[in-house]
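Survey of secondary and tertiary structure
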Amino acid sequence: MTIQTFSAAGVRWDLGDLFASHHDPRIQASLADARARGHAFARRFRDTIRVPGGPDPAHLLAAMRELEALEEDLKRVGFFADLLYASDTSRPEHRDLKEQAELAATEIGNLVLFFDLEWMDLPEEAAGRLLTHPTLAGYRHHLHRLRQVRPHRLSEAEERLLNERDNTGRRAFARLFTEFTTALRFPLDRNGRPETVTMSELLAMVHHNEREVRRRAYEALFDILSRHDLVLSSLYETIVQDHLVLDRLRRFPHPMAERHLSNEIDEQAVEQMMTATEANYPVAQAYFRLKARLLGLPKLALFDQYAPVSDALPPCPFDRARDVILEAFGTFSPVFQKIAQQFFERRWVDAEVREGKQAGAFCASPGPALHPYILCNYTDNLRDVMTVAHELGHGLHGWLARQQTPFNYDASLTTAETASVFSEFLVFDHLVRAEPDPQVQLALICGKIEDICATVFRQNVLTRFEQAVFARRQAGRLTAEAICGAWIEANRPYYGDAVELTGGYRWGWSYIPHFIHTRFYCYSYVFGELLVLSLYRRYKEDGANFVSRYIRLLEAGGSDSPESLLKALGVNFHDPAFWQKGFDEIRGLVERAEELAGKLGR
Ligand SMILES: [Zn+2]
């Protein structure tokens, strides 16, 4: 395989802050030390947490401090092994080290696991007293979160039984779904020749500039899916039924309850957000009408949604991406700019495309004692600039949260993407303003709107569909007909009369992995994106006042629930006006696109 050279060639990270190499003797020494400390921890603390009346607060505090220190040292090895492996996955010594680090983490994790379990088992009264004790104030959130699953846990024997049976139950069905959909092949006529393509190749064709190619890709997709109606619908129906049974056993009051608990959001806030999203479907429809005009069509069909609105965008070399990002961050705050600068200067970024390197992009933030690292595969296009901005947003968060202790470091799931999406927005805005060519400006804005539609509106549709399917399953068995019907019903209000739904679209639900693997997760995307849009709107209104409060939010890491942390920024999940601010920002973008299109005579 030959690899094309891009402008980021030579931009590699320096892992020297962690270890010198995979055979640095400090690695084995760290592992041996962590193992010894794990045993010592167990000797000192086992059976001292679940004691009548609960442990002494100072004793509990000492246990947590020791646990944090142990996990932090262990993480340094695991983190190094992961990054080394990502740099070159083809080298066996990297794979060996990664495996060794994972085994050690499991082994030591098992040695100290009793701590969480004993804490969870402590009767309500004793735990309540400790949770409000000033000595433990810094760990209140962490301790509280550990106990939240308590009412839903079964006995140890039952948990073990379920876990073992899941391998031939829900996990087997999930695996079958993945293998089945990955193995599907789609016949397609390309350049006059018959070919078969995979689903990911087929889905990539929705971005093609020829309408006929997009239409044929959609037809092939739904044609093949509909032929597997029996398998796809019975897989889904089984997963739904399994979910309902477990909810009953674990005493969850409704199908979304478990997800809300792990997201730290309440049912009412989610419902308000979803209702507000529906009330704003017309904003998306206005965009669909504009897009039809830009494509020269009387009406948009489903397969035109992601068609390019103009010719290829100009390339963007890595150095320019770095400068644009630093400038954009600088307009927000010199603090942001300075931190981001470090990432480039101290070589915490690996951006070149090379053989053996892991695909995609990520930012790894291990904890307070270390600094984050970023990996991406920079191929000189404007989309890559957004990727770097996204990962640097995570990087800023990971850097600023270093003032927290390890247990308070990681942001909760729902706010983990706040800093990244916010920084994408900063860079997007800056890029549009700095762009001299109005055609490129328009393409950038349209791309942004389409991303937002896919994240906000479409994920809301997906969640409404899941709710409808679960409600119907509670009333009796699901047929393929019923599932397809629920899908169209959930989609119709979104597309309205602005987009033509093709016949095969009834099967649009059947290949979406979230419905199988992470049920009711999709609303978290709506939440994350709207939160950022709304914060961004606030930033434009409040300026400097917002900036300092936003930096404090990132510094707070995961030390409290998202709701409490965001309160300092004036965010109230239960106020519909808060969500509306996010939609105002989307509407603003659509209006900008309309205006530009008008000026360009399109
Ligand atoms: Zn991210």
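Now for a quick tour of the structure.

**Side note on the overall build of the protein**
Scanning the protein for helices and strands turns up 25 helices and 7 strands. The C-alpha radius of gyration computed for the protein amounts to 26 Å, which stays within 12% of the reference 25 Å derived for 602 residues, consistent with globular compactness. Dimensions of the protein along its principal axes, counting C-alpha atoms only, are 75 × 60 × 50 Å. Burial analysis of the protein (602 residues in total) assigns 51% to the buried set. Contacts in the protein between residues at least 24 apart in sequence constitute 77% of all its contacts with a sequence separation of at least 6. Of the charged side chains in the protein, 71 are positive and 83 negative, and the gap between their average positions amounts to 1 Å.

**Brief notes about the nonpolar core**
Judged by nonpolar contacts, the single largest core of 201 residues is most densely connected at Trp-119, Tyr-236, Phe-336, Phe-422, Phe-465 and Tyr-550. Top contributing element to this core by residue count: helix H2 (residues 57-87), with 14 residues. Every residue in contact with Tyr-550, bar those within four places of it in the chain, is listed here: Phe-332, Phe-336, Thr-418, Ala-419, Phe-422 and Leu-569.

**Quick word on the coordination of the zinc ion**
The protein atoms that coordinate the zinc ion are His-390 (NE2), His-394 (NE2), Glu-417 (OE) and Glu-417 (OE), at distances spanning 2.1 to 2.7 Å. Each of the 4 donor atoms around the zinc ion contributes to a set of angles spanning 52 to 141°, which defines the coordination as irregular. Linear spacing of the donor residues for the zinc ion on their chain is H-x3-H-x22-E. Here His-390 pairs with His-394, and both are found in helix H16 (residues 382-400), just 4 residues apart, close to one helical turn. Overall, His-390 belongs to the buried group, its relative accessible area being 16%.

**A few points about the layout of surface pockets**
Taken as a whole, the second largest pocket encloses approximately 1,200 Å³ of empty space. Taken together, 43 residues make up the lining of the second largest pocket; nearest its centre are Leu-117, His-142, Arg-145, Leu-146 and Val-149. Broken down by secondary-structure element, the contributors of at least two residues to the lining of the second largest pocket are H2, helix H3 (92-121), helix H5 (140-148), helix H6 (156-166) and helix H11 (257-263). Residue composition of the lining of the second largest pocket, by class: 16 nonpolar, 11 polar and 16 charged.

**A look at the pairing of strand E2 (residues 193-197)**
Bridge count for strand E1 (residues 186-190) against E2 is 5 bridges, and the pairing is antiparallel. When the sheet's bridge partners are listed, Pro-187 is paired in E2 with Thr-196. What sits between E1 and E2 in their antiparallel hairpin is a turn of 2 residues, with Asn-191 showing a positive phi close to 50°.

**As for the side chain of Thr-181**
Relative to the helices and strands, Thr-181 is located in helix H7 (residues 170-183). Exposure remark for Thr-181: the relative accessible area of 10% places this residue in the buried category. At 2.8 Å, the side chain of Thr-181 and the backbone oxygen of Phe-177 are in polar contact. In terms of polar contacts, Thr-181 uses its side chain to reach the backbone carbonyl oxygen of Thr-178, at 3.3 Å.

**What about the pattern of salt bridges?**
A complete count under the given rule lists 44 salt bridges for this structure. For Glu-212, the salt bridge is made with Arg-216, and the minimal N-O distance between the two is 3.8 Å. Residue Glu-212 and its partner Arg-216 are both found in helix H9 (residues 211-227); the two are separated by 4 residues, about one turn of the helix. Its relative accessible area of 37% is what places Glu-212 among the partly exposed residues. Overall, the relative accessible area of 27% leaves Arg-216 in the partly exposed class. Salt-bridge contacts for Arg-322 lead to Asp-319; the nearest nitrogen and oxygen are separated by 3.6 Å.

**Considerations on the environment of Arg-227**
Tracing the chain through its elements places Arg-227 in helix H9. Given a relative accessible area of 58%, Arg-227 falls into the exposed group. Sequence-wise, Arg-227 and Phe-329 are 102 residues apart; in three dimensions their C-alpha atoms are separated by 51 Å. At 2.7 Å, the side chain of Arg-227 and the side chain of Asp-223 are in polar contact.

**As for the sheet that holds strand E4 (residues 349-350)**
With mixed pairing, 3 strands are arranged side by side in an open sheet as E4-E6-E5. Where the open sheet ends on each side, the last strands, each with one partner, are E4 and strand E5 (362-364). The pairing of E5 with strand E6 (residues 373-375) spans 3 bridges and is antiparallel. Directly across from Phe-362, in E6, lies its bridge partner Leu-375.

**What to know about helix H25 (residues 576-599)**
Owing to its 3.6 residues per turn, the α-helix aligns residues three or four sequence positions apart on the same side. The terminal C-alpha atoms of H25, which comprises 24 residues, lie 35 Å apart, in line with the 34 Å expected from a rise of 1.5 Å per residue. Among the structural elements, helix H12 (267-279), helix H13 (281-294), helix H17 (418-434), helix H18 (438-455), helix H19 (457-475) and helix H22 (522-542) are those in contact with the buried residues of H25. Positive backbone phi, at 70°, marks Gly-601, one or two positions downstream of H25.

**A look at the side chain of Arg-464**
Relative to the assigned elements, Arg-464 resides in helix H19. For Arg-464, a relative accessible area of 18% gives the class buried. Reaching out from Arg-464, the side chain makes a polar contact with the side chain of Glu-271 at a distance of 3.0 Å. The residues touching Arg-464, leaving out its near neighbours within four places in the chain, are Glu-271, Met-274, Thr-275, Glu-278 and Ala-490.

**Some details on the packing of H12 against H22**
Relative to each other, H12 and H22 sit at 75°, their axes nearing to 11 Å. Between H12 and H22, the interaxial angle falls into the category roughly perpendicular. Here Val-270, Met-273 and Thr-277 of H12 come into contact with H22, specifically with Tyr-523, Val-526, Phe-527 and Leu-530. Considered class by class, the residues forming the contact of H12 with H22 number 6 nonpolar, 1 polar and no charged.

Scoring rules and cut-offs
Residues numbered from 1 in each chain as written. Predicted model: local features only at pLDDT ≥ 70, side-chain atom pairs only at ≥ 80, totals over all residues. Heavy atoms only, no water. Helix = DSSP H or I, 4+ residues; strand = E, 2+ residues; numbered from the N terminus. Rg over C-alpha atoms; globule rule 2.2 N^0.38 Å. Buried < 20%, exposed > 50% of the residue type's maximum accessible area, 1.4 Å probe, protein only. Contact = heavy atoms within 4.5 Å. Lys, Arg positive; Asp, Glu negative; His and termini not counted. Charge placed at Lys NZ, Arg CZ, Asp CG, Glu CD. Core = buried A, V, L, I, M, F, W, Y, C linked by side-chain atoms within 4.5 Å. Donors = N, O, S within 2.8 Å, 3.2 Å for Na, K, Ca; no water. Tetrahedral: all angles 85-135°; square planar, octahedral: opposite > 155°, others 65-115°. 1 Å grid on protein atoms, 1.4 Å probe; cavity = no way out; pocket = protein on both sides within 12 Å on 5 of 7 lines; lining within 4 Å. Points joined across faces, edges and corners; volume = space filled by probe spheres on them. Nonpolar A, V, L, I, M, F, W, Y, C, P; charged D, E, K, R; others polar. Pairing = 2+ DSSP bridges. Polar contact = N/O pair within 3.5 Å; in protein donor to acceptor, adjacent residues only side chain to side chain. Salt bridge = Lys/Arg side-chain N within 4 Å of Asp/Glu carboxyl O. Expected span 1.5 Å × (residues − 1). Axes fitted to C-alpha atoms, helices over the stretch in contact; angles between N-to-C directions. Parallel < 35°, antiparallel > 145°, perpendicular 65-115°, else oblique.

As far as function goes, none of this settles anything; it's purely spatial.
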